[in-house]
Every structure is written in C-alpha cells, then in structure tokens.
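# A look at the structure
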Amino acid sequence: MLHFEPEYFKEEERDGFTIPAFMKNAWAAQLEMLAKVDLICKENDIPYFADWGTLLGTIRHKGYIPWDDDIDLCMMREDLYRFVEAVDNYDEIEIDTVFNTPDHGMHAARVMNSTVFTTERSKCKEYHGFPFPAGLDIFTIDYVPRDKA
C-alpha cells in the first residue's frame, strides 16, 4: 500500500480550484491502482506511458490537474492484449474492454479494483477511504510511424 501523509487528504485550493478531501481519497485510490498496473506491466514486460490529462498534469501541475478525476495511460494494441491476459493472473483487479464487456461503451479499457460500492473495512483501508470503484483508463495506440521525423 502506498503511503500518503495525513495532510495530503485535506481540502486545498490549487490554481483557483478547490479540491475537496474526498477527491484526494479518489486520487489516492487511483494511485494504488496505478501501482498495481505498474507491477503487472513490469512483471510481464509490458510497456505503457501516461497520456492525456495525466501527462499534462504531471508536467504542468507536478501531479493531478486540480479539476481532473482520473488517470490516463496508453499502450500499443498488442501490449494491451497481453495486459488483458496478464490481469487474469492477479486477484482483485478487473478490466473492461469492448472485447470482454458487451455494454462497455468506452473507447478506452478501464482497469478497476471493483465494479461495486463497498463498505468492507479492509477494502476501504487499502483504497484510502474511497468506497467506490477506483481505476484508470488505458487508451490503445494502433500505429506509430517508424520515421522519426
């Protein structure tokens, strides 16, 4: 489990935007999921990278964009296929894609710790008091030109 100082979970204002304490719980839960995704990727030699608001926030805000509410990653399609297969070997991680969830309705895969609200004490503790499904989005890259220019 990741360690956060107690001050992390306090409401704050950043760039003129109020970040409520509960959003900090959501961010911490998402970062726990990112740590799990990172572990799976390292153990299975699957490359990924931050993109969209996550990449922008990392550079511009040194973390989350104050009004953002998720983590965005990218993988090449063949790496995403390998990741989906690898997830089956790990407990308490679920992945929804257009291939395994008929009513998924998103263009990105969604990796989650659960699909339901929970009040289970150990689960809430593990995810920093966030009782809702926590996860992140993985966008697929289908083509990258070989020409560096």
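Residues numbered from 1 in each chain as written. Predicted model: local features only at pLDDT ≥ 70, side-chain atom pairs only at ≥ 80, totals over all residues. Heavy atoms only, no water.

## Some remarks on the pairing of strand β6 (residues 109–112)
Here β6 shows two buried faces, one formed by A109 and V111 and the other by R110 and M112. Of the strand pairs in this sheet, strand β5 (residues 94–96) and β6 are connected by three bridges, and their pairing is antiparallel. What sits directly across from E94, in β6, is M112. Sheet topology note: the β6/strand β7 (residues 135–141) ladder contains four bridges and is antiparallel. Paired with R110 across the bridge in β7 is D137. (Buried < 20%, exposed > 50% of the residue type's maximum accessible area, 1.4 Å probe, protein only. Helix = DSSP H or I, 4+ residues; strand = E, 2+ residues; numbered from the N terminus. Pairing = 2+ DSSP bridges.)

## Comments concerning the pattern of salt bridges
All chains considered together, the criterion is met by six salt bridges. R14 serves as the salt-bridge partner of E12, at 3.0 Å between the closest nitrogen and oxygen. Taking the relative accessible area as the measure of exposure, E12 reaches 28% and is therefore partly exposed. Accessibility expressed as a relative area gives 23% for R14, which makes it partly exposed. Across the pair R82 and D79 runs a salt bridge whose closest N-O atoms are separated by 3.2 Å. Taken together, the residues span about one helical turn, with R82 and D79 both in helix α3 (residues 77–87) at a distance of three residues. Residue classification places D79 among the buried positions, given a relative accessible area of 9%. Because the salt bridges share partners, they merge into one network encompassing E12, R14 and K24. (Salt bridge = Lys/Arg side-chain N within 4 Å of Asp/Glu carboxyl O.)

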